[in-house]
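# Per-entry structural report
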Amino acid sequence: AGTIYLIHLPSVAWVDANGQWWVAEQHGRVVGMISAVVYDHPTLGRRFGGETVWWVDPDARRTPAGKLLFRAAEAWAKARGAAVASATAPEESRN
């Protein structure tokens, strides 16, 4: 399967210190990416972390790529005080 490398992209034009990107690369090609944000919830009084974009190439699903991307975003959000992390995934990618 080959090693999956995570590349952290800390600065993207529309993302500030409250948002970051990571890319998963395997065999020299991008097989996934995730963007995450951290924000203070306006009514719950807690800091949240969540993905805004999460994509894994269909050929790389069922490999560690998606989990590695989410774990990197989750650790980043937790380090910035997020008490809750959330993500969404299409039904077909959950099985």
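Details of the structure are given in the entry above.
These remarks concern the structure in this document. (Residues numbered from 1 in each chain as written. Predicted model: local features only at pLDDT ≥ 70, side-chain atom pairs only at ≥ 80, totals over all residues. Heavy atoms only, no water.)

## A word on the pairing of strand E3 (residues 29–40)
For a regular strand, side chains alternate in direction, first toward one face of the sheet and then toward the other. Bridge analysis of strand E2 (residues 19–26) against E3 gives eight bridges, and the strand direction is antiparallel. Residue pairing for E3: Gln26 is matched across the bridge by Arg29. In sequence, E2 turns back onto E3 through a hairpin of two residues, with His27 there showing a positive phi of about 55 degrees. Bridge count for E3 against strand E4 (residues 47–56) is nine bridges, and the pairing is antiparallel. Bridge pairing in E4 places Ser35 opposite Val53. (Pairing = 2+ DSSP bridges. Helix = DSSP H or I, 4+ residues; strand = E, 2+ residues; numbered from the N terminus.)

## Overview of unusual backbone geometry
Most peptide bonds take the trans configuration, and most residues that are not glycine carry a negative phi. With phi around 55 degrees, His27 is a residue other than glycine that occupies positive phi space. Mapped onto the elements, His27 comes out in the loop between E2 and E3. Its identity as a non-glycine residue notwithstanding, Arg62 has a phi of 75 degrees, on the positive side. Tracing the sequence through the fold places Arg62 in the loop between E4 and helix H1 (65–79).

## As for the packing of aromatic side chains
Under the defined criterion, the tally for this structure stands at three aromatic pairs. Their ring planes at 70 degrees and their centres at 5.8 Å tell us that Trp22 and Trp76 sit as a pair that is edge-to-face. You can see Trp22 sitting in strand E2 and its partner Trp76 sitting in helix H1, a full 54 residues away along the chain. Owing to a relative accessible area of 6%, Trp76 belongs among the buried residues under this scheme. With a centroid separation of 5.5 Å and 25 degrees between ring planes, the pair formed by Trp54 and Phe70 is classed as stacked. Here Trp54 is found in strand E4, whereas its partner Phe70 is found in helix H1, with 16 residues between them in sequence. (Phe/Tyr/Trp six-rings, centres within 6.5 Å; stacked < 30°, edge-to-face > 60°. Buried < 20%, exposed > 50% of the residue type's maximum accessible area, 1.4 Å probe, protein only.)

## Digging into H1
Compared with the 21 Å implied by 1.5 Å per residue over 15 residues, the 21 Å span of H1 between its first and last C-alpha is a close match. Taken together, the buried positions of H1 are occupied by Ala65, Gly66, Leu69, Phe70, Ala72, Ala73, Trp76 and Ala77. Burial along H1 is one-sided: seen end-on, the buried residues are contained in an arc of 155 degrees. Residues of H1 that are exposed and angled more than 90 degrees away from the buried face: Lys67, Lys78 and Ala79. Two residues or fewer after H1 comes Gly81, characterised by a positive phi angle close to 90 degrees. (Expected span 1.5 Å × (residues − 1). Arc of directions from axis to C-beta.)

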